[in-house]
Amino acid sequence: CRSALPTASLVSFVSLLSQLTSHIIFNGIVDQSTLPNPMSNHSINNIDVTKIVESDVARWSCVVFCIAENLRWLSKLPIDIHI
């Protein structure tokens, strides 16, 4: 198992989650201001995940926490929405 795999996986996951939330917001399903942590394809809560070194446990922990908050936000959206 490569040591960089978890980092690369989290970077990819942030990108995919950002695309999903952008789609939901763009289609007017919810207001952007309700998203707990703003995202882009390479950042969450103004943390650029492509620039975090793998050994920076504090920043990665913050990223994982922000991902969890945004996933919780997604889980609470009305279940009858069509993405």
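See above for the structure.
Residues numbered from 1 in each chain as written. Predicted model: local features only at pLDDT ≥ 70, side-chain atom pairs only at ≥ 80, totals over all residues. Heavy atoms only, no water.

Caption draft 1: Structural view of the side chain of S43. The residue S43 is located in strand β1 (residues 43-44) in this model. Judged by its relative accessible area of 17%, S43 falls in the buried class. The contact partners of S43, leaving out residues within four places of it in the chain, are V14, P38, D48 and V49. (Helix = DSSP H or I, 4+ residues; strand = E, 2+ residues; numbered from the N terminus. Buried < 20%, exposed > 50% of the residue type's maximum accessible area, 1.4 Å probe, protein only. Contact = heavy atoms within 4.5 Å.)

Caption draft 2: The environment of S12, seen in detail. In this fold, S12 is placed in helix α1 (residues 5-26). C-alpha of S12 to C-alpha of N41: the two residues are 29 residues apart in sequence and 8.5 Å apart in space.

Caption draft 3: Up close: the pattern of salt bridges. Across all of its chains, the model carries one salt bridge by this definition. Of the charged contacts, one joins K51 and D48 as a salt bridge, the two residues approaching to 4.0 Å between their closest N and O atoms. Here D48 falls in the partly exposed class, since its relative accessible area comes to 24%. (Salt bridge = Lys/Arg side-chain N within 4 Å of Asp/Glu carboxyl O.)

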